[in-house]
Amino acid sequence: DLYKKGLYEEFLANVPKGLADIYFKEESDNSAEIDFQKRAQEFESHSKWVSDEEICNVPRNFFQGKSIGNLLDAGGGTGYLSWYLYQNLKNKIEKISLVDISQNMLDEAKKKQNFSVLTHNSSIETFCKLTTQKFDTILVRQVLHYVEDVDEVVNLLKNVLEDNGIIYVGQI
């Protein structure tokens, strides 16, 4: 609970005016509750680092001369980046799996036009421990600051990566 930890005011002070309402709603007992459904629905329009074409062109350009194959978008939220790559590099992608802890984010991914994606409502850690699949490419963008043990997550991702596969990490 951000309010009880004294972080709510700090959060509000660092978020553009009005945007905080998307992420939090005040309740009568002064606690803050994350409104994930609204956040998921408006995520791409308010999160420039998610949907900015210039930012998305960096991984697109990186993968231009490479085969992507079986793609895992780990912690991919609404799937915007994997969708963007699919729209631009279709012939390089065989299958896309999207893992996110928010079902609301995954629901938004399923609404995208011309996008066939397998969704998994799970943490990255749990998914990696339970899956029998191997992936040629793993996207991990703007996710690592949310996990408790980055080393564990990277090692788990390496375990589901094909030999000579690529883990693409984008973190600001």
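Rules and cut-offs
- Along each chain, residue indices are assigned from 1 in the same order as the chain's sequence is written.
- Where local features are concerned, this predicted model is filtered to residues with pLDDT of at least 70; where side-chain atom pairs are given and counted, the filter is 80 or more; whole-chain, interface and lining totals use all residues.
- Excluding hydrogens and water, the side-chain figures rest on all heavy atoms present in the structure.
- A pairing counts as a salt bridge when a side-chain nitrogen of Lys or Arg comes within 4 Å of a carboxyl oxygen of Asp or Glu.
- To qualify as a nonpolar core, a set must consist of buried Ala, Val, Leu, Ile, Met, Phe, Trp, Tyr and Cys residues joined through side-chain atoms within 4.5 Å.
- The buried label goes to any residue with under 20% of its type's maximum accessible area, the exposed label to any with over 50%, and the partly exposed label to all in between, with areas taken from a 1.4 Å probe on protein chains only.
- Numbering goes from the N terminus for both helices and strands, where a helix is a DSSP run of H or I of at least four residues and a strand is a run of E of at least two.
- Working rule for contacts: check all heavy atoms of both residues, and any pair within 4.5 Å makes them a contact.
- The rule is short: rings of Phe, Tyr and Trp, with Trp giving its six-membered ring, pair when the centres are within 6.5 Å, and they are stacked under 30 degrees, edge-to-face over 60, tilted in between.
- Ring-over charges, as used throughout, are those where CZ of Arg or NZ of Lys falls within 6 Å of the ring centre and within 35 degrees of the ring normal.
- Note that the arc is defined by the directions from the helix axis to the C-beta atoms.
- N or O atoms within 3.5 Å of each other form a polar contact, as long as, within protein, one can give a hydrogen and the other can take it, and as long as residues adjacent in sequence are counted only when both atoms are side-chain atoms.

Student: Just to check I follow, could you spell out the pattern of salt bridges for this structure?
Tutor: Note that side chains of opposite charge can pair when their charged atoms are close. With the rule as written, the count across this model stands at two salt bridges. In this structure, the salt-bridge partner of E108 is K111, at a minimum N-O distance of 2.9 Å.

Student: Sorry, what's going on with the nonpolar core here?
Tutor: Core analysis: the biggest nonpolar cluster contains 18 residues, and F63, I68, L71, L85, I93, I96 and L139 have the highest contact counts within it. Counting only elements with at least two residues in this core, the list comes to α5 (53-63), α6 (80-89), β4 (93-100) and α7 (103-110). If one sorts the elements of this core by residue count, α6 sits on top with five residues. Look past the residues within four positions of L71 in its chain and what remains in contact with it is S82, I93, K95, I96, S97, F135, T137 and L139. Judged by nonpolar contacts, the second largest core, of 17 residues, contains F127, I138, V147 and L156.

Student: Sorry if this is basic, but what is going on with the packing of aromatic side chains here?
Tutor: In this description, an aromatic ring pair is defined by two values, namely the gap between the centres and the angle between the planes. Scanning all chains against the criterion turns up seven aromatic pairs. Taken together, a centroid distance of 5.5 Å and an interplanar angle of 50 degrees make the contact between F62 and Y168 tilted. Within this pair, whereas F62 is found in helix α5, its partner Y168 is found in strand β7 (residues 161-170), the two being separated by 106 residues in sequence. Ring geometry for Y80 versus Y84: centroids 6.4 Å apart, planes at 20 degrees, classification stacked. Here Y80 pairs with Y84, and both are found in helix α6, just four residues apart, close to one helical turn. The exposure class assigned to Y84 is buried, which follows from its relative accessible area of 6%. An aromatic cluster of three or more residues is present, and its members are F62, F63 and Y168. Of note, K66 hangs over the ring of F62, and the distance from its end group to the ring centre comes to 4.3 Å.

Student: What's the story with helix α9 (residues 150-159) in this structure? I'm lost.
Tutor: Side chains three or four residues apart in an α-helix point the same way, a direct result of the helix having 3.6 residues per turn. Those residues of α9 that fall on the buried side of the exposure criterion are V153, L156 and L157. End-on view of α9: buried residues confined to an arc of 100 degrees, all on one side of the axis. Across α9 from its buried face, at more than 90 degrees, point the exposed residues D151 and N159. At the N-terminal end of α9, a side-chain oxygen is found 3.3 Å from the backbone nitrogen of D151, two or three residues along, and the residue is D149.

Student: Whenever I open this one, the environment of R141 confuses me. Can you help?
Tutor: Structurally, R141 is set in strand β6 (residues 135-141). We classify R141 as buried; its relative accessible area is 14%. Spatially, the C-alpha atom of R141 lies 9.8 Å from that of G77, the residues being 64 residues apart in sequence.

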